[in-house]
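Residues per chain are reported as follows:
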Amino acid sequence: MTAGVNLTAMVRASRLRTTAEVVDAFGRRFLRVPLDADVRARFIGFLNGELGTTDVAQAETYMEDALRMLVHLIMSAPEYQLG
Amino acid sequence: MNECSRRALLKAGLGTSLAGALGMPAFFAQTATALTDEAAASDRILVVLELSGGNDGLNTLVPYGDDAYYRHRPTIGLKPDRLRKIDDRFGWSPGMAGFERLYKDGRLAVVHGCGYDTPSFSHFSSMAYWHTAAPNRGEEYGWVGRLAEGLRPGGAPNFVVNIDTTQSLAVRSRDHTPVVFDDPERFSRKGFSQELPLFQHVAEGSGDNPAQRYLRDIARSARDASALVREAWARYRSPVDYGIVPLDLPKVAALIDAGLPTRLYYAAYRHNAFDTHVHQGDLHARLSPTCRTRWRASCGTSSGSAGAARSC
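Calculation notes
- Residues numbered from 1 in each chain as written.
- Chains lettered and ligands numbered in written order.
- Predicted model: local features only at pLDDT ≥ 70, side-chain atom pairs only at ≥ 80, totals over all residues.
- Heavy atoms only, no water.
- Phe/Tyr/Trp six-rings, centres within 6.5 Å; stacked < 30°, edge-to-face > 60°.
- Helix = DSSP H or I, 4+ residues; strand = E, 2+ residues; numbered from the N terminus.
- Buried < 20%, exposed > 50% of the residue type's maximum accessible area, 1.4 Å probe, protein only.
- Lys NZ or Arg CZ within 6 Å of the ring centre and 35° of its normal.
- Salt bridge = Lys/Arg side-chain N within 4 Å of Asp/Glu carboxyl O.
- Pairing = 2+ DSSP bridges.
- Contact = heavy atoms within 4.5 Å.
- Buried area = accessible area lost by both parts, 1.4 Å probe.
- Polar contact = N/O pair within 3.5 Å; in protein donor to acceptor, adjacent residues only side chain to side chain.
- Nonpolar A, V, L, I, M, F, W, Y, C, P; charged D, E, K, R; others polar.
- pLDDT = per-residue confidence, 0-100.
- Core = buried A, V, L, I, M, F, W, Y, C linked by side-chain atoms within 4.5 Å.
- Axes fitted to C-alpha atoms, helices over the stretch in contact; angles between N-to-C directions.
- Parallel < 35°, antiparallel > 145°, perpendicular 65-115°, else oblique.
- Left-handed = near helix turned anticlockwise from the far one by under 90°.
- Expected span 1.5 Å × (residues − 1).

**Student:** In this structure, what is going on with the packing of aromatic side chains? I would like to understand it.
**Tutor:** Geometry of an aromatic ring pair is reported as the spacing of the ring centres plus the angle between the planes. All names here are of chain B. Counted according to the given criterion, the structure contains six aromatic pairs over all chains. An angle of 85° between the planes, with centres 5.7 Å apart, marks the rings of tyrosine 116 and tyrosine 129 as edge-to-face. Of the two residues, tyrosine 116 sits in the loop between α6 (97–104) and α7 (123–132) while tyrosine 129 sits in helix α7, which places them 13 residues apart along the sequence. Each member of the pair, tyrosine 116 as well as tyrosine 129, is classed as buried. Here a set of aromatic residues connected by ring pairs shows up, and it is made of Trp92, Phe99 and Tyr103. Here arginine 189 stacks its cationic end above the ring of phenylalanine 199, 5.7 Å away from the centre of that ring.

**Student:** For this particular structure, what's the right way to read the pattern of salt bridges?
**Tutor:** Oppositely charged side chains can form a pair if their charged atoms are brought close together. Residue and element names in this part refer to chain B. Here the structure, examined in full by the defined rule, presents 21 salt bridges over all chains. For the salt bridge of glutamate 100 with arginine 84, the shortest nitrogen-to-oxygen distance reads 3.0 Å. Of the two residues, glutamate 100 is situated in helix α6 and arginine 84 in strand β3 (residues 84–85); the sequence distance between them amounts to 16 residues. Taking the relative accessible area as the measure of exposure, glutamate 100 reaches 11% and is therefore buried. Residue glutamate 100 is joined to lysine 104 by a salt bridge in which the shortest nitrogen-to-oxygen separation is 3.4 Å.

**Student:** I'm lost on the pairing of strand β7 (residues 264–268) of chain B in this one. Help?
**Tutor:** One face of the sheet, then the other: side chains in a regular strand alternate in exactly this way. Residue and element names in this part refer to chain B. Of all five residues in β7, five are buried; the element is thus mostly enclosed. Side chains of β7 alternate between two faces, with Leu264, Tyr266 and Ala268 and Tyr265 and Ala267 buried alike. One ladder, built from five bridges, connects strand β1 (residues 45–50) with β7; its direction is parallel. Bridge pairing links leucine 46 to leucine 264 in β7. As paired elements, strand β5 (residues 160–163) and β7 share four bridges and run parallel to each other. Within β7, the residue paired with valine 160 across the bridge is leucine 264.

**Student:** I'm lost on the interface of chain A and chain B in this one. Help?
**Tutor:** One frequent convention defines the size of an interface as the accessible area lost when the parts assemble. With 17 residues of chain A in contact, the opposing surface of chain B contributes 20 residues. Of all residues in chain A, Arg42, Met69 and Pro78 of chain A give up the largest surface area on contact with chain B, accounting jointly for 31% of the area buried on that side. If you look at where chain A meets chain B, you find five residue pairs in polar contact (both at pLDDT 80 or more). Broken down by secondary-structure element, the contributors of at least two residues to the side of chain A that touches chain B are α3 (37–51) and α4 (64–76) of chain A. Top contributing element to the side of chain A that touches chain B by residue count: α3 of chain A, with six residues. For the side of chain A that touches chain B, the class distribution of residues is nine nonpolar, three polar and five charged.

**Student:** What should I look at first to understand the confidence of the model for chain B in this one?
**Tutor:** Detailed conclusions should not be drawn from predicted coordinates in areas where pLDDT is low. All names here are of chain B. The share of residues in chain B with pLDDT of 70 or more is 78%, and the mean pLDDT across the chain is 80. Throughout residues 13–35 the model reports pLDDT below 50, and contacts reaching past four residues in sequence, or to other chains, amount to 38 contacts. Of the regions scoring below 50 in pLDDT, residues 300–312 engages in 41 contacts with residues more than four places distant in sequence or in other chains.

**Student:** For this particular structure, what's the right way to read the nonpolar core?
**Tutor:** Core analysis: the biggest nonpolar cluster contains 30 residues, and Val11, Val22, Phe26, Phe43, Leu47, Leu67 and Leu70 of chain A have the highest contact counts within it. Contributions of two or more residues to this core are made by α1 (7–13), α2 (19–30), α3 and α4 of chain A together with α9 (196–199) of chain B. No other element matches α4 of chain A, which puts seven residues into this core. Setting aside residues up to four positions removed in sequence, phenylalanine 43 of chain A forms contacts with Val23, Leu35, Leu70, Leu73 and Ile74 of chain A together with Leu198 and Val202 of chain B. Val161, Ala225, Tyr236 and Leu247 of chain B belong to the second-largest nonpolar core, a separate cluster that totals 27 residues.

**Student:** Looking at this structure, how should I read the packing of α2 of chain A against α4 of chain A?
**Tutor:** When two helices pack together, their arrangement is captured by the angle between the axes and the distance separating the axes. Residue and element names in this part refer to chain A. With their axes 11 Å apart at the nearest point, α2 and α4 run at an angle of 50° to one another. Between α2 and α4, the angle falls in the class oblique. Like other packed secondary-structure pairs, α2 and α4 cross with a definite hand, here right-handed. Facing α2, whose interface residues are Val22, Val23, Phe26, Gly27 and Phe30, α4 presents Leu67, Leu70, Val71, Ile74 and Met75. Of the residues that constitute the contact of α2 with α4, the class distribution is nine nonpolar, one polar and no charged.

**Student:** Before we go on, may I ask you to explain helix α10 (residues 210–235) of chain B in this structure?
**Tutor:** Owing to its 3.6 residues per turn, the α-helix brings residues three or four apart onto one side. All names here are of chain B. Here α10 is 26 residues long and its end C-alpha atoms lie 37 Å apart, about the 38 Å a rise of 1.5 Å per residue gives. Buried residues in α10 make contact with β6 (179–181) and α11 (249–257). Near the N-terminus of α10, the side chain that reaches the backbone nitrogen of alanine 211, with its oxygen 3.0 Å away, is that of asparagine 209.

**Student:** Looking at this model, I keep getting lost on the environment of alanine 37 of chain A. Mind explaining?
**Tutor:** In this fold, alanine 37 of chain A is placed in helix α3. Among the residues examined, alanine 37 of chain A registers a relative accessible area of 56% and is labelled exposed.

Here it is in structure tokens:
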């Protein structure tokens, strides 16, 4: 059973178009400080790999699991404890 | 634990001013002024096993030669003819054959009757006082943590290890970040396989403020230490039988065997096992032998380590 959170809907509602925009938006939402540049790049690369594209619109039907893993990674960052 | 190490321990853990301020016995004040350099230069290891819940020290090493003991314990006092006497005043409780042997072999020292004036009857306050060795002070750091600061000022990676489900106040330190784990095999970040490579990098970055740098240091320490602990545990083999409930002493032995730079290990009986208010006599009699069995096993395998158990 998964929590009643729809990350795909959040992406859609925020009109995010690329994986970089998703990482930045989630970073702003869940962290008090900006992601380190290298970590940000790794997260974008992770999302690109999981979705097979940088275009969010193309992955809209199957991106929920990848988005959940991205949020898990963000919450695993030390900076998340500053929230 | 030899006398010099104990003195250094007491000095670093209690502090000169603290010992005096608390009105502690002269023994503490005197030992507090003893040398720390000797211990700092030594590679000796201290293993602390807390008999969590508050072991009944008077029914562990019984002062049978003191009438006050029987006056105040008409029911649960242990009769002299049941004890394993070590002199004309003290005797081990009947089940502690292992401790008796260690004592007779000169491998066990006891600091009996530790305490402070007007003790708190709150479990929580009492635990905090014992963990900080600072009654009624609101001390922020634990006695083991302060000892680490005395032995290795400024901190050092993996200098203090605390094996438990949560970190004990006893090991909390200003300079040192204790390695805290429960199950070595599960001492790692959990996630889907795709995520695991990224966990190696989440603590990267220099950090823009002290809080970030602190958190990243903690994350790096946990990442690096967890790898060492898992590897040490996977490689450790011992012919020693630690019994049905081995506590955490085989884990300590594994890390020592692997050559970790840890000098202070802290483990505890789980679930406040020694909180023996109900059916005190029988329960305490069962717990004490389990303690000595594991401790003897650990002493037999971890050469170079020294043990200290509160009131035991």
